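Reading the structure
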Amino acid sequence: MKAIKYTIVIMLICAVFSACSKSSGPGNPPPPGPPNNSTGADVYVAGYEVSNTSNNTQRQVAKVWKNGAGTSLTDDNGYANAFGIAVKGSDVYVAGFQAAINNGTLANYTATIWKNGVATSLTDGKLLAEAHAVAVQGNDVYVAGYEVVQYDVLEFNGTSYVTVKRSNRVARLWKNGAVMPLELADPQKTESVANGIAVQGNDVYVVGYIKGLYSNVGYYGAVAQVWKNGSAMQSLSDKKKNDNANAIAFNNGDMYVAGTENVQEGNPSGTRQARLWKNGTGIPLDGASDIIRSSEAFGVTTYNNDVYTAGMSGTSTMVNAWKNGSALTLTTDPQSTQARTAYGVAVQNGDVYVAGFESNVQGKYVAKIWKNGASTSLTDGTKLAEAHAIAVVGK
C-alpha cells in the first residue's frame, strides 16, 4: 500500500505511464521521450498524472503508457489512479479506481477495471473501494483490491442497546466482476486489503494484509497474508508486528512475495523494512536494513532463475531495485531531490525495466521508467505523476 501500494507482477503485469511535452530550458527537465526499445518489445505502464487543481481540490487522471505515449483513462474533472496492468494478446487490462468531484466534494472511490480503455465498475460507489492488481488467464479476468463494507452492531448508549453502523476495509478478489470470498476477510472481525495477484495453472494466489486477526490475544498489527483459491494459505509475518504483502510471482514452483515487515516488535508504528519472501522465508535486500528509516518492496518478477524486486530503501543509498537480493543501480536525474520510489519491475530478453517516480527540484514527482538502469521520463515534471506498474511484451 502506498501508502499504497501496490504493483502487481505476474508474467505479464505492467505499469502505467503518463506523457506530455515541454520545451527544455533553464530549470526545466528535458521533454519526456519513449524508452529505447531496440529489442523489439512493447512497454506498458499504469499510473496517474495530476490534471489540475481548482476549488482547493486536486484532480488527477488514471493513465496508461505504451512505449512512452500516454493515454488518459479518465477525464480531467475527477480523481482517479491506476495501480496494476496486464496484457494478453492485443488486450490491455488496467486496475485502479475513479471518483467524481462535484462542487469541490470528492465522491467515494469506485474500484474499476479498464479493458482497452473502456471502464467497468466493480463496486457501486456507495463506499470506498480500490482495485490494486489484475491478472488474466484464458477468458477469465482476476482483480485484487478492497472494498469498504458496512455492518450493524448493537451498542449500549447508557440506557438501552441501539443499532449502530460500523465499516471496515475487506480484501476482495473479483473474477469476471463477481466477488470471490477470501477466508478471514470478515469486516466485523478484521481489516484486510488485497494488493497483488498471480495465477498458476488453475490456482489463483492473492497477497495483502489482515489486521486484527489476533486482537483476541492483544495483538492488533497487520499480518502479511497469502490466499490460495480464496483460502488463507500462509501468514508471512509475526502477529506482534505490522506487515504487508504487495506483489507475488512464481518460478519453478517457488513462490516469491514482496512487501514490508515491521522490525520493532510490539510497536505497530515502528520502522518497516523491505522484505522478499521465498516460500514464506524472508530474504535480505541490500540497503534495506535501516532501523530508523522505513523501506518497502512493492513489485517482484522472475526471469530464468533470477528474482527481481522493486521498492524503496529508505536510506541515503537510494536503492530501488534488487536482483536476487543484491542492489541494482538506477541512474538519478541531476535535477532530482533524491526522493524516489520504484513500484513495478519486469524483465524481457534479459533487459530489466523498472517503473516508479523521482522528485524534481520543484518538488514534483516525475513518472519514470528505468531500462537496465537508464531512466526515461514519462511526464515533463510540471505536475505530480507516478508510474505504478509495468509489463513488457515481446513483439
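Since we're looking at a predicted model, the values are computed, not measured.

Overall, the predicted model of the protein chain reaches an average pLDDT of 86, with 82% of residues at or above 70. In the predicted structure, residues 1-31 sits below a pLDDT of 50 and forms 146 contacts with residues beyond four places in sequence or in another chain.

This part takes up the packing of aromatic side chains. Summed over the entire model, instances satisfying the criterion amount to nine aromatic pairs. Seen from their ring centres, Phe83 and Phe97 are 6.0 Å apart, and the 40° between their planes marks the pair as tilted. Separated by 14 residues along the polypeptide, Phe83 in strand β5 (residues 79-88) and Phe97 in strand β6 (residues 91-99) bring together distant segments of the chain. You can call Phe83 buried: its relative accessible area is 2%. A relative accessible area of 3% places Phe97 in the buried class. Pairwise contacts between aromatic rings join Tyr79, Phe83, Phe97 and Tyr109 into one cluster. The cationic tip of Arg169 hangs over the ring face of Tyr146; the distance from NZ or CZ to the ring centre is 4.7 Å.

This brings us to the pattern of salt bridges. Pairs can form between side chains of opposite charge once their charged atoms are near each other. Enumeration according to the criterion identifies eleven salt bridges in this entry. Residues Lys63 and Glu49 are paired through a salt bridge, measuring 3.2 Å at the closest nitrogen-oxygen approach. With a gap of 14 residues between them, Lys63 in strand β3 (residues 57-66) and Glu49 in strand β2 (residues 41-54) connect regions that are remote in the sequence. Using a relative accessible area of 6% as the deciding quantity, one classes Lys63 as buried. For Glu49, a relative accessible area of 7% translates into the label buried. In this structure, the salt-bridge partner of Glu358 is Arg340, at a minimum N-O distance of 3.5 Å. Of this pair, Glu358 sits in strand β28 (residues 351-360) while Arg340 sits in strand β27 (residues 336-348); the two residues are 18 residues apart in sequence, bridging distant segments of the chain. On the accessibility criterion, Arg340 (7% relative accessible area) is buried.

A few words now on the sheet that holds strand β14 (residues 178-180). Strand order in the open sheet formed by four strands is β11-β12-β13-β14, and the pairing between neighbours is antiparallel. Edge positions in the sheet fall to β11 (129-137) and β14, since each has one partner strand and no second. Averaged over all adjacent pairs, the angle separating strand axes in this sheet is 40°, with direction ignored. Pairing geometry for β11 and strand β12 (residues 140-156), over eight bridges, is antiparallel. Note that in β12 the partner of Ala135 across the bridge is Tyr142.

Further remarks concern the environment of Val199. Relative to the elements of secondary structure, Val199 occurs in strand β15 (residues 191-200). Residue classification places Val199 among the buried residues on the basis of a relative accessible area of 5%. C-alpha separation for the pair Val199 and Ala249, spaced 50 residues apart in sequence, amounts to 8.9 Å.

Core analysis: the largest hydrophobic core is formed by 17 residues, its most contacted members being Leu173, Leu182, Ile197 and Val206. Beyond its immediate stretch of four places on either side in the chain, Val206 contacts Ala144, Leu173, Leu182, Ala194, Gly196, Ile197, Gln225, Val226 and Trp227.

Attention now goes to the pairing of β6. Within β6, seven of the nine residues are buried, which leaves it mostly tucked inside the rest of the structure. Here nine bridges tie β5 to β6, and the two strands are oriented antiparallel to one another. Counterpart to Lys88 in the pairing with β6 is Asp91. Between β5 and β6, which pair antiparallel in sequence order, lie two residues; one of them, Gly89, sits at a positive phi of approximately 60°. Bridge analysis of β6 against strand β9 (residues 110-115) gives six bridges, and the strand direction is antiparallel.

So, how was this worked out
Residues numbered from 1 in each chain as written. Predicted model: local features only at pLDDT ≥ 70, side-chain atom pairs only at ≥ 80, totals over all residues. Heavy atoms only, no water. pLDDT = per-residue confidence, 0-100. Contact = heavy atoms within 4.5 Å. Phe/Tyr/Trp six-rings, centres within 6.5 Å; stacked < 30°, edge-to-face > 60°. Helix = DSSP H or I, 4+ residues; strand = E, 2+ residues; numbered from the N terminus. Buried < 20%, exposed > 50% of the residue type's maximum accessible area, 1.4 Å probe, protein only. Lys NZ or Arg CZ within 6 Å of the ring centre and 35° of its normal. Salt bridge = Lys/Arg side-chain N within 4 Å of Asp/Glu carboxyl O. Pairing = 2+ DSSP bridges. Axes fitted to C-alpha atoms, helices over the stretch in contact; angles between N-to-C directions. Core = buried A, V, L, I, M, F, W, Y, C linked by side-chain atoms within 4.5 Å.

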